[in-house]
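Results of the structural survey
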Amino acid sequence: MKNNILARRSLMSGLSAAAAFALTSKTTIAQTPARPFQPARHSQDAWFNAVHGTHRNFIDASTANGAGEAMLYANNLYEANKTGYSILEKDIAVVVCLRHFATAFAFNDAIWAKYGRLMSTMLQFTDPKTKQAPATNLLNSADYGMALPNFGNTIDSVVKRGTQFAVCDMAAHFFAGQIAMGSGGNADAVYKELLANTIPNSHMVSAGVVAVNRAQEYGYTLLTAL
């Protein structure tokens, strides 16, 4: 009988100690706040912080149609913030991402004059007036009105208001390869030619999809142009 009583007392002491340890552990965990997520920073993305503005907007375009809509959206961001909030253009940060097939519009008239036929075929995009392959970057022309999805808002017009462009390097390599194949040229040479003829305020990014991620990590609101 005496041994049974001692065994029970030993068991109860063990349970009490375990309960106390569990309670202490839970209390300690509860009092230790989880560390908030902090994305890594890379020198290649530092330019996102150099874009001036108290409101940050990132417009993602991946198609020919989306590239045009991105110019319209950029214009609307400046206009609506001015009329609705009396916010100056310099306080609205806008970055337009031209990736996938929208990348073709990151290149100036010199590229379109030389390779417009090949790019038109890749994009299945033609001049709505002539129904032929464009010989210029049509998103920099205000002469098309509602015939194009930018509604006359040109690349130059949004650049003057401060818009920056993230240009997909992977897509640039793809276009260079396809152009070289179609023209009998050298892909590396065409790629260098493309990079030498980007539109103003362009920043080459490793891939447009990566820029979409990095922009949001830098506090930009994502808009999608289809």
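Look a little higher up for the structure.
Note that this is a predicted model, so its numbers are computed, not measured.

1. Quick look at the overall build of the protein
- Assigned secondary structure in the protein consists of eight helices and five strands.
- Listing every helix and strand of the protein by position from the N terminus yields α-α-β-α-β-α-α-β-α-α-β-α-β.
- Within the protein, contacts between residues separated by at least 24 positions form 72% of all contacts whose residues are at least 6 apart in sequence.

2. Digging into the sheet that holds strand β4 (residues 202–205)
- Overall, parallel pairing links the five strands, which are arranged β4-β3-β2-β1-β5 in an open sheet. With one partner strand each, in any of the chains shown, β4 and β5 (221–225) form the two edges of the open sheet. Ignoring strand direction, the axes of neighbouring strands in this sheet form an average angle of 25°.
- Pairing geometry for strand β2 (residues 92–98) and strand β3 (residues 164–168), over four bridges, is parallel. Pairing of valine 96 across the sheet is with phenylalanine 165, part of β3.
- Contacting β1 (55–61), β2, β3 and β5, helix α3 (residues 64–85) crosses the sheet at an angle of about 175° to β2.
- Strands β3 and β4 of the sheet are contacted by helix α6 (residues 169–183), whose axis makes an angle of about 55° with β3.

3. Quick notes on the pattern of salt bridges
- Tallied over the entire structure, the rule returns seven salt bridges.
- Between lysine 82 and glutamate 79 there is a salt bridge, with the nearest N and O atoms lying 3.7 Å from each other. On the criterion of helical spacing, the pair formed by lysine 82 and glutamate 79 is a turn pair, its members being three residues apart in helix α3.
- A salt bridge links lysine 114 to glutamate 193, with the shortest nitrogen-to-oxygen separation between them at 3.0 Å. Within this pair, whereas lysine 114 is found in helix α4 (residues 109–123), its partner glutamate 193 is found in helix α7 (residues 187–195), the two being separated by 79 residues in sequence.
- With relative accessibility at 52%, the residue lysine 114 sits in the exposed group.

4. Describing the side chain of asparagine 75
- In this structure, asparagine 75 sits in helix α3.
- A distance of 2.7 Å separates polar atoms of two side chains, one belonging to asparagine 75 and the other to arginine 161.
- When neighbours within four sequence positions are excluded, asparagine 75 is seen to be in contact with Asn153, Val158 and Arg161.

5. Some thoughts on unusual backbone geometry
- For glutamine 124, which is not a glycine, the phi torsion comes out positive at approximately 55°.
- Its location among the elements puts glutamine 124 in the loop between α4 and α5 (155–160).
- Even without glycine at this site, asparagine 201 takes up a positive phi of about 60°.
- As for its placement among the helices and strands, asparagine 201 is situated in the loop between α7 and β4.
- Of the residues examined, asparagine 201 reaches a relative accessible area of 28% and is grouped as partly exposed.

Here is what the cut-offs are and how they apply
- Residues numbered from 1 in each chain as written.
- Predicted model: local features only at pLDDT ≥ 70, side-chain atom pairs only at ≥ 80, totals over all residues.
- Heavy atoms only, no water.
- Helix = DSSP H or I, 4+ residues; strand = E, 2+ residues; numbered from the N terminus.
- Contact = heavy atoms within 4.5 Å.
- Pairing = 2+ DSSP bridges.
- Axes fitted to C-alpha atoms, helices over the stretch in contact; angles between N-to-C directions.
- Salt bridge = Lys/Arg side-chain N within 4 Å of Asp/Glu carboxyl O.
- Buried < 20%, exposed > 50% of the residue type's maximum accessible area, 1.4 Å probe, protein only.
- Polar contact = N/O pair within 3.5 Å; in protein donor to acceptor, adjacent residues only side chain to side chain.

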